[in-house]
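# Report on the structure
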Amino acid sequence: MVKSISVLGATGSIGRQSLEAAARLGLRVEALTAQKSIKLLEKQIRRFRPRFAAVYDEAAAQALRTATADLDIEIGSGMEGLRHAAALDGADAVVTAVSGSVGLQPTLDAIAQKKRICLANKETLVCAGGLVMAAAAAQGAEIVPVDSEHSAIFQCLEGRREQLHKLLLTGSGGPFRGWTREQTASVTPEQAVRHPNWSMGAKISVDSATMMNKGLEYIEAMHLFAVSPDDIQVVVHPQSVIHSMVELIDGTVLAQLAVPDMGLPIQYAMTWPKRAPSPYERLDFWKMRDMTFEAPDLAKTPCLGLAMDCARKGGARSCVMSAANEAAVALFLGHRIGFNDIFDLVTGAVDALGGHSADTLSDILDADAAAREFVHRKTQ
Ligand code: NDP
Ligand code: MG
């Protein structure tokens, strides 16, 4: 179990829950970061007393310096600030809870300092999984997943990696399960962010509605557990009680079940390999409704199909897909494009740019920037 943490993206959904877990487990907090939500960040600073905080937005960072002038804290800004927070000595683990590939370089910095990565920021692995996993292996840095499906697989696989046959990645199917392209054409951002089972940040909520989230998780699983795309089967399970499963070589299936609350996988990433009591509701099998399972309908969830295809073909495709998706989802949330435009723009970016190489960090950063540029050019 770790004793001290830093949280990148402390003001978001995962970040806030990570700080609650840290308080409960008595962990010391060394550094916190946000993009611009300085009111909440200031409250967190006054409660957890970190030595360092970073705000990506320079003007907001300046305002936070003024607001915290009475405290003994240094406030950084921009990518440099995020990277400093990730690498700060004193923290055993870094919770990567920023949204988007902005988390990539700070994650690599934390790995270089051999810190445990409590990994929520899936876009980083989708964009640069090969690089990140190789760096972690070279440094001996632990990567413990926070994403509920990957935490489930991680728990099922402990001590059994060589017995693995395939991963069964479950997903609720999102709020528009079974809807046709004609039906999703008029979906608004307000509808898309209302997920039936989970309360999450805006971007991942839209990703869950398009099923791009399951596609990102498919690629995330491929890197985290070093399996080929064909060894991952997506299973739609609308009740979100089973968080994922593994099938072993003899046909045995192990599943991890719990109430759908991110607090649990967050806490486990901090306490692993131990466990600690938690305040969450318990599953009551006497009251449980049905558990149902079905195959994903790739014709109605084309983003999932696209991600699976990118995973199989490799190159810069996953990175381009994820970065174009980030840009498109931001435009959708700003009411600038429609729900179905997300898939169309992302496919266009992958077709145009996916063949680029993604061998080095600089290749990956270039592919990421080109994908965002592509989306903005097409929507001007
Ligand atoms: P939120 O949108 O709630 O929070 C995002 C956090 O990142 C905020 O602290 C935000 O700061 C910060 N941030 C956003 N953009 C930047 C930037 N450019 N530079 C620096 N900081 C930035 O997201 P979630 O907590 O929902 O998700 C975080 C990550 O965890 C995502 O990768 C998501 O896919 C993953 N995840 C989330 C789950 C969930 O239940 N929410 C479940 C599984 C995975 P500010 O508040 O100032 O904008
Ligand atoms: Mg998930």
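Before reading on, note that the structure itself is shown above.
Residues numbered from 1 in each chain as written. Chains lettered and ligands numbered in written order. Predicted model: local features only at pLDDT ≥ 70, side-chain atom pairs only at ≥ 80, totals over all residues. Heavy atoms only, no water.

### Focus: the pattern of salt bridges
- Taken as a whole and judged by the stated rule, the model has 25 salt bridges.
- Between Arg116 and Glu142 there is a salt bridge, with the nearest N and O atoms lying 2.9 Å from each other. Here Arg116 is found in strand 6 (residues 116-119), whereas its partner Glu142 is found in the loop between helix 6 (122-139) and strand 7 (143-145), with 26 residues between them in sequence.
- For Asp147, the salt bridge identified is with Lys122, shortest N-O distance 2.9 Å. (Salt bridge = Lys/Arg side-chain N within 4 Å of Asp/Glu carboxyl O. Helix = DSSP H or I, 4+ residues; strand = E, 2+ residues; numbered from the N terminus.)

### Thoughts on the coordination of the magnesium ion (ligand 2)
- Note on the magnesium ion (ligand 2): its protein donors are Asp147 (OD), Glu149 (OE) and Glu217 (OE). The metal-donor distances range over 2.1 to 2.2 Å.
- Along the chain, the residues that donate to the magnesium ion (ligand 2) are spaced as D-x1-E-x67-E. The same class applies to Asp147 and to Glu149, which are both buried. (Donors = N, O, S within 2.8 Å, 3.2 Å for Na, K, Ca; no water. Buried < 20%, exposed > 50% of the residue type's maximum accessible area, 1.4 Å probe, protein only.)

### Focus: the state of the cysteines
- All told, the structure shown has zero disulfides when counted by the stated rule.
- A disulfide-free cysteine, Cys118 has its sulfur positioned 19 Å from the sulfur of Cys156, the nearest such atom. (Disulfide = S-S within 2.5 Å.)

### As for unusual backbone geometry
- Trp272 connects to Pro273 through a cis peptide bond whose omega is 5°.
- Checked against the element boundaries, Pro273 lands in the loop between helix 12 (263-271) and helix 13 (302-313).
- Phi is positive for Arg49, close to 50°, though the residue is something other than glycine.
- Here Arg49 is to be found in the loop between helix 2 (38-48) and strand 3 (52-55).
- Overall, Arg49 belongs to the partly exposed group, its relative accessible area being 48%.
- Of note in the backbone geometry, Ser240 takes a positive phi value of approximately 50° without being a glycine.
- Within the secondary structure, Ser240 sits in the loop between strand 9 (232-236) and strand 10 (242-248).

Purely spatial values, then, with no claim about function.
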